[in-house]
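Breakdown of the fold
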Amino acid sequence: MKVGLASAAVLATVRYLERSEAAPAANHRILDATAVVTVAALVPIVLEGSLPDEAEARARAIRETVEGFDRAVSGMSLPTQKEVEQLFDVLRFPPTRLAFTGLWTSLEESTPEEVAAFLTRWRNSRFEIQRAGYQALSQLIQASWFDNPSSWATIGYPGPPKLA
Amino acid sequence: MSVPDPIRDGLARGWKAIDAATLTADRELECDVAIIGSGAGGGVTAEILANAGLSVVILEEGPLVGSTEFRMREREAYPRLYQESAGRQTLDKAITILQGRCVGGGTTVNWTSSFRTPPRTLAHWNKAHGLDALTETALAPWFTRMEERLSIAPWGVPPNENNDILRRGLAKLGIAHGAIRRNVKGCGNLGYCGMGCPLNAKQSMLVTTIPAALDRGATLVHRARVTHLAAEGDRLVSCDAFGVERNGAVQSARRVRVRARHFVVAAGAINTPAILISSGIPDPNNLIGKRTFLHPTVVSGAAFPQKVEGYYGAPQTIYSDHFLDGAALDGPIGFKLEAPPVHPILAGITLPGFGREHARWMTHFPNLQVLIALMRDGFHADSPGGQVVIRSGWPVLDYPLNDYVWNGVRRAYLAMAEVQFAAGAQTVMPLHEGAQPVSSWREAKAAIEALTLRPLHARVVSAHVMGGCPMGSDPRNSVVNDSGRHHLVQNLSVHDASTFPTSVGANPQLTIYALAARHATALAASLKA
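1. Describing the overall build of chain A
- Looking only at helices and strands, chain A features 8 helices and 0 strands.
- Of the regular secondary structure in chain A, the N- to C-terminal order runs α-α-α-α-α-α-α-α.
- Looking at chain A residue by residue over its 164 residues, the buried ones come to 39%.
- Counting contacts in chain A only where the partners sit at least 6 residues apart, residues at least 24 apart contribute 60% of the total.

And the structure:
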């Protein structure tokens, strides 16, 4: 409970110091340019083993997954959208990023091992807010990729039946 | 062969349908009865009242979408047809709630499982909540009537492999089980019920009662979110709705005001209490939105040597009530076993882990078998359910998971793993962030006993939201009477699952249909008198 309140206070401070007033990035409804880069850095880690290997297909898969992430956030309730914004604020503001994720550099500058270690820390954290953050990031990325027909060959899903 | 689309055809015939999101000016409507919500409760109510010759306006937050636009794609269906893009969650994010938000409500996207209210549940409602009129015998004609109306019957087609594994595992262990009756007519056994039936085979409100009411002259206002019920004295006079765009995330400034003699709220057990709370409906005992139940549901995945293809074929055709029937209602929580549809997004977000750990399950997607256990909450002092609260104008359910539920989660994981191994699973894993796949029932038993159960580690989902405006004979502990009429506000009724004093202990659609039919028939008689 104490930690919950402390986290809320930190988040409130982050909002004050580093309000993300940036406009949505091109082709995106909600995510701004920094958030787009952050999600793009998470996608290959969350989806390791499920993305195509070929460079061009892989780049397209990552781009489309970020766009799907953005689309999914845009369909959430406004309070939930605010929470996602706060999550990206924590990840972009160096002091909170270091305190909450253990990453010294931004996600796109961190190594895949460092990003995976951060995700694992949040996944197994004793703080609910960090477990919730992990769930949000991983599930939004997984949801965005696995309904992209480009992912279906990897998982062996033939797609919906054709109606005669 | 092209499938007729009853929505497109109805609109062409001149149905009175208003898309509130596209209005360029405010509108005012007048009618005998305003019905808020077009799902199981609102749909049945609309048909019965319209058939009685009453003028009806149905208000629905979601869009009017017909079979032509049901393309069996999760990516299209979830944002369009579900609350919060199928990502609605409890306050602490520990439970994900699947709830419909479209014309037809949950019935447009549910998995067609049709059960009468279990007699033990009705007996408990009678004894603990004074609902003496709602006995098994008294409700039987209402069940029969709705079963006939919605073609609810045993389904004659063999179960898909995902369900047959449940059947074979249970049979091998000597555990009682049965076949689930379904509300379908001409079902193509496609398996995409959750994305809207492209064949109009599912007898949802979208293709049955709502078209019938519209053919009788009812008005449907869709993409309209009701925000307020206005009262004068002890009567309601009007309700206000605003257009919503972008899958519900954005509210427009255009208002639709509906004046009516009577108001039926059937917006589902999160939004119904939210509307009543936001409108300041009298609640002297502070009951509205409390005791909200979910059938908290946990999941077990298994890899089979053969293809399971849980994405094809009717979902949920086999069930077992063994772990409900064998348990005392007021003892440790009991659970129902079923086998859900397995599609890429649902599987992708429900399987725990990330990276290679996650990929090793997804890359065996056709061989993935999935069982769910739905827990019967609300019957025990330690099962008070959750509470609907309003946060920045949006309703959210605060449902803390406690040890009473976790005790059931562990027993459910054990039961599901045993069934899956009995049916020949190679590996089994409870869907929990701390679990690893194991290859024998003996190993599974030890691993599950050792698992730390806590929120946001165990995957907990719900597709059944119930309670928050409970029926009862005593106004001190209930909001509406056994006919769904509000105890204090003369012309307000509630006709959805929010009136349930506890969870049902079975998939709730048929309970909602039967009670709504009973309530609406009595309401029609009183309004015609």
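On we go from here.
2. Some points on the overall build of chain B
- Across its full length, chain B carries 15 helices and 24 strands.
- Here the C-alpha atoms of chain B give a radius of gyration of 22 Å, agreeing with the 24 Å that 2.2 N^0.38 yields for 529 residues.
- Within chain B, buried positions represent 62% of all 529 residues.
- When contacts within chain B are restricted to residue pairs at least 6 apart in sequence, those whose partners lie at least 24 apart make up 76%.

3. A short note on the domain arrangement of chain B
Residues and elements named next belong to chain B.
- If you check the domain split of chain B, you get domain 1 (6–78 + 98–147 + 203–287 + 468–528) and domain 2 (161–188 + 297–376 + 402–454).
- Contacts between the two partners involve 12 residues from domain 1 and, on the opposite side, 17 residues from domain 2.
- Contributing elements (two or more residues each) for the side of domain 1 that touches domain 2: helix 3 (74–81), strand 6 (113–114) and helix 5 (119–129).
- Its residues placed into classes, the side of domain 1 that touches domain 2 shows 3 nonpolar, 7 polar and 2 charged.

4. Brief notes about the confidence of the model for chain B
- Taken as a whole, chain B shows an average pLDDT of 97; of its residues, 99% reach a score of 70 or greater.
- For this predicted complex, the interface score ipTM comes out at 0.94, alongside a pTM of 0.96.

5. Digging into the interface of chain A and chain B
- Counting residues at the interface gives 35 residues for chain A and 38 residues for chain B.
- The dominant element in the side of chain A that touches chain B, judged by the number of residues it contributes, is helix 7 (residues 128–146) of chain A, at 9 residues.
- Counted by class, the side of chain A that touches chain B contains 18 nonpolar, 12 polar and 5 charged residues.

6. Brief notes about helix 6 (residues 112–123) of chain A
Residues and elements named next belong to chain A.
- In this model helix 6 runs 16 Å from its N-terminal to its C-terminal C-alpha over 12 residues, within 8% of the 16 Å that 1.5 Å per residue would give.
- Along helix 6, the positions that sit buried rather than exposed are Phe 118, Leu 119, Trp 122 and Arg 123. Along the axis of helix 6, the buried residues cluster in a sector spanning 135 degrees; they form a single face.
- Buried positions along helix 6 lie against helix 2 (33–46), helix 5 (94–101) and helix 7.

7. A short note on the nonpolar core
Residue and element names in this part refer to chain B.
- Within the largest apolar cluster, 218 residues are counted, with the highest numbers of intra-cluster contacts made by Ala 34, Ile 36, Val 56, Leu 59, Ala 373 and Tyr 513.
- In terms of domain composition, this core takes at least three residues from each of domain 1 (6–78 + 98–147 + 203–287 + 468–528) and domain 2 (161–188 + 297–376 + 402–454).
- With near-sequence residues (within four places) excluded, Ile 36 lies in contact with Gly 42, Leu 59, Val 226, Cys 239, Val 264, Val 265, Ala 266, Ala 267 and Ile 275.

8. Observations concerning helix 5 of chain B
Residues and elements named next belong to chain B.
- If you check which residues of helix 5 are buried, you get Thr 121, Leu 122, Trp 125 and His 129. All buried residues of helix 5 fall inside an arc of 100 degrees around its axis, so they share one side. Summarising the geometry of helix 5, the exposed residues directed more than 90 degrees from the buried face are Pro 119 and Lys 127.
- Of the surrounding secondary structure, the elements contacted by the buried residues of helix 5 are helix 6 (136–149).
- Looking one or two residues beyond helix 5, the residue adopting positive phi is Gly 130, at roughly 70 degrees.

9. Notes on the environment of Gln83(B)
All names here are of chain B.
- For Gln 83, the position within the fold is in the loop between helix 3 and strand 4 (88–89).
- The class for Gln 83 is buried, based on 28 C-beta atoms found within 10 Å.
- Contact partners of Gln 83, with chain neighbours within four places excluded, come to Arg 88, Gln 99 and Arg 101.

10. So, the sheet that holds strand 7 (residues 152–153) of chain B
All names here are of chain B.
- Spatial ordering of the open sheet is given by 6-9-7, a layout of 3 strands whose pairing is antiparallel. The open sheet has two edge strands, strand 6 and strand 7, and neither has a second partner.
- Alignment of strand 6 against strand 9 (residues 181–183), held across 2 bridges, turns out to be antiparallel. What sits directly across from Ser 113, in strand 9, is Arg 182.

Parameters at a glance
Residues numbered from 1 in each chain as written. Chains lettered and ligands numbered in written order. Predicted model: local features only at pLDDT ≥ 70, side-chain atom pairs only at ≥ 80, totals over all residues. Helix = DSSP H or I, 4+ residues; strand = E, 2+ residues; numbered from the N terminus. Buried ≥ 20, exposed ≤ 12 C-beta atoms within 10 Å, placed from the backbone. Contact = placed C-beta atoms within 7 Å. Rg over C-alpha atoms; globule rule 2.2 N^0.38 Å. Domains from an automatic or database assignment. Nonpolar A, V, L, I, M, F, W, Y, C, P; charged D, E, K, R; others polar. pLDDT = per-residue confidence, 0-100. Expected span 1.5 Å × (residues − 1). Arc of directions from axis to C-beta. Core = buried A, V, L, I, M, F, W, Y, C linked by C-beta atoms within 7 Å. Pairing = 2+ DSSP bridges.

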